[in-house]
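Residue-level listing of the chains:
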Amino acid sequence: NLREAASKLFKLNLIAAVASATRSIDKDFVDYLITELSLAIGPLAEVIVEDGVEDLGYSLHNFPTHRAAELVNLLSQEIQRDQKKSEFKQNMVQKIKEKGY
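Residues numbered from 1 in each chain as written. Predicted model: local features only at pLDDT ≥ 70, side-chain atom pairs only at ≥ 80, totals over all residues. Heavy atoms only, no water.

S.K.: So what about helix H4 (residues 68-76)? Which residues, and what values?
M.R.: For H4, the complete set of buried residues consists of Ala68, Leu71, Val72, Leu75 and Ser76. All buried residues of H4 fall inside an arc of 135° around its axis, so they share one side. On its buried face, H4 is in contact with helix H2 (27-41), helix H3 (45-55) and helix H5 (82-99). (Buried < 20%, exposed > 50% of the residue type's maximum accessible area, 1.4 Å probe, protein only. Helix = DSSP H or I, 4+ residues; strand = E, 2+ residues; numbered from the N terminus. Arc of directions from axis to C-beta. Contact = heavy atoms within 4.5 Å.)

What follows is the structure, given as structure tokens:
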């Protein structure tokens, strides 16, 4: 199995553990994202955000900041009305800039 092989290589000093330097989105960003999506699509926004994060292979606790725009783009596809979709994207791009993501 892969884990056993990696463990053996590590013990032989053939590979090294590397700490992840990837920053994750914070609670403020998640709350804002859910609020903005709720304004556009209603009360299912939180579930849709969680599903979107999982679809990209993460959880809300470890979602990398460098993929925030990709998440916003994915979630915006759930918004039917063009005006609401545009407002959502504009507000989220502003928040991403504000956060330095």
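Alright, that's what it looks like, and here's the rest.
S.K.: Describe in detail the nonpolar core, supporting the description with residues and values.
M.R.: Of all hydrophobic cores here, the largest spans 22 residues; its most connected members are Phe29, Leu33, Leu37, Leu75 and Phe88. Mapped onto this core, the elements with two or more residues apiece are H2, H3, H4 and H5. Broken down by element, this core gets its largest block of residues, six residues, from H2. Excluding residues within four positions of it along the chain, Leu75 makes contact with Leu33, Leu37, Ile48, Val49, Gly52 and Phe88. (Core = buried A, V, L, I, M, F, W, Y, C linked by side-chain atoms within 4.5 Å.)

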